[in-house]
Amino acid sequence: MKTLITFLFLMGSLSVLAANPSRGAKSPMVIGIIEEAHDSYVFVVTRDKFKRKLNFDENSTIIYVGFDDAKKEIRSKCAFRASVKDEVIGSIYVTPDIGEETTEPTPEMVKMTPAELFKVADQNKNDRLSYVEVSKTIKYSLKNRFILFQKCDQDKSSALSPEEFAGFLKKTKWWTMSRKTPEEWLKGSDQDKNGLLSKKELAYLLGSEAHIDTFYKRADKNSSGDLDPKEVSVFINELIFPSHREKNQKKENK
């Protein structure tokens, strides 16, 4: 029996690692902050707090994202995302130092137009947004913002114009979820019209089945198997304002 339990635990652990290629001490995708930069290698701290030495070779590709007027170089405190094999970098996306403070919108920001938000984010008032400005005002992320920013930077200027920023917002969860009220989201996703949301209907609301089991378990506060209007409202507000989730969890644990 003990052997069976151990086997099942190992299989579960392997499936989690397979589903999360950026997690673990030897993960093939590495995301985090550069601690030391050298000519042929970097010491890094991953987002799950592992310290690793990653090496460059003649085939390593470096992609600089969002440096705007800053010098394009790898240095300490730069954020990065790299594909590696045997601790050798295949490709690495590098951004300037974006700090370690997470950001979330204010109640005023969710009511703003893209043009108004652009002015909020344009901290140096040069009519373009660097990756640092976007990270500190709109969305902080060490996971997938690199790729999105690069795709939205259509003219490859290393900054976003107002038009490019509007495209960036359309791929930003708090922005898209704040375009409708929770009641409107529920009504538009309630396909069987029973006033509740099933897991399939929540996936429809989110526009994706990615991590849907996790999202549904988080949203179904009373474990009833369906989401009622209050649960939908709380879940959407937590997507827009992540700090609300922490507050709600503290209340639940009391």
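As a starting point, this report considers the structure included with it. (Residues numbered from 1 in each chain as written. Predicted model: local features only at pLDDT ≥ 70, side-chain atom pairs only at ≥ 80, totals over all residues. Heavy atoms only, no water.)

**Concerning helix 9 (residues 212-219)**
Of the residues making up helix 9, those classed as buried are I212, Y216 and A219. One side of helix 9 holds all its buried residues, which, seen down the axis, span an arc of 65 degrees. Residues of helix 9 that are exposed and point over 90 degrees away from its buried face: D213 and K217. Summarising the contacts, the buried residues of helix 9 are in contact with helix 8 (199-206) and helix 10 (229-240). (Buried < 20%, exposed > 50% of the residue type's maximum accessible area, 1.4 Å probe, protein only. Helix = DSSP H or I, 4+ residues; strand = E, 2+ residues; numbered from the N terminus. Arc of directions from axis to C-beta. Contact = heavy atoms within 4.5 Å.)

**A few points about the packing of aromatic side chains**
Evaluation of the coordinates by the stated rule reveals eight aromatic pairs. Relative to F43, the ring of Y41 lies with its centre 5.6 Å away and its plane at 80 degrees, an arrangement referred to as edge-to-face. Residue classification places Y41 among the partly exposed positions, given a relative accessible area of 22%. When the centroid spacing of 5.8 Å and the interplanar angle of 70 degrees are considered together, the rings of F118 and F165 count as edge-to-face. You can see F118 sitting in helix 2 (residues 114-121) and its partner F165 sitting in helix 5 (residues 162-170), a full 47 residues away along the chain. What makes F165 buried here is its relative accessible area of 0%. Following the ring pairs from residue to residue traces out a cluster consisting of Y131, F146, F149 and F168. A cation sits over an aromatic face here: R179 above W175, 3.5 Å from the ring centre. (Phe/Tyr/Trp six-rings, centres within 6.5 Å; stacked < 30°, edge-to-face > 60°. Lys NZ or Arg CZ within 6 Å of the ring centre and 35° of its normal.)

**Considerations on the pattern of salt bridges**
For side chains bearing opposite charge, pairing can occur when the charged atoms are close. Enumeration according to the criterion identifies eight salt bridges in this entry. In this structure, K71 engages E73 in a salt bridge whose closest nitrogen and oxygen atoms are separated by 3.8 Å. Classification of K71 by relative accessible area gives exposed; the value is 61%. Judged by relative accessible area, which is 29%, E73 ranks as partly exposed. (Salt bridge = Lys/Arg side-chain N within 4 Å of Asp/Glu carboxyl O.)

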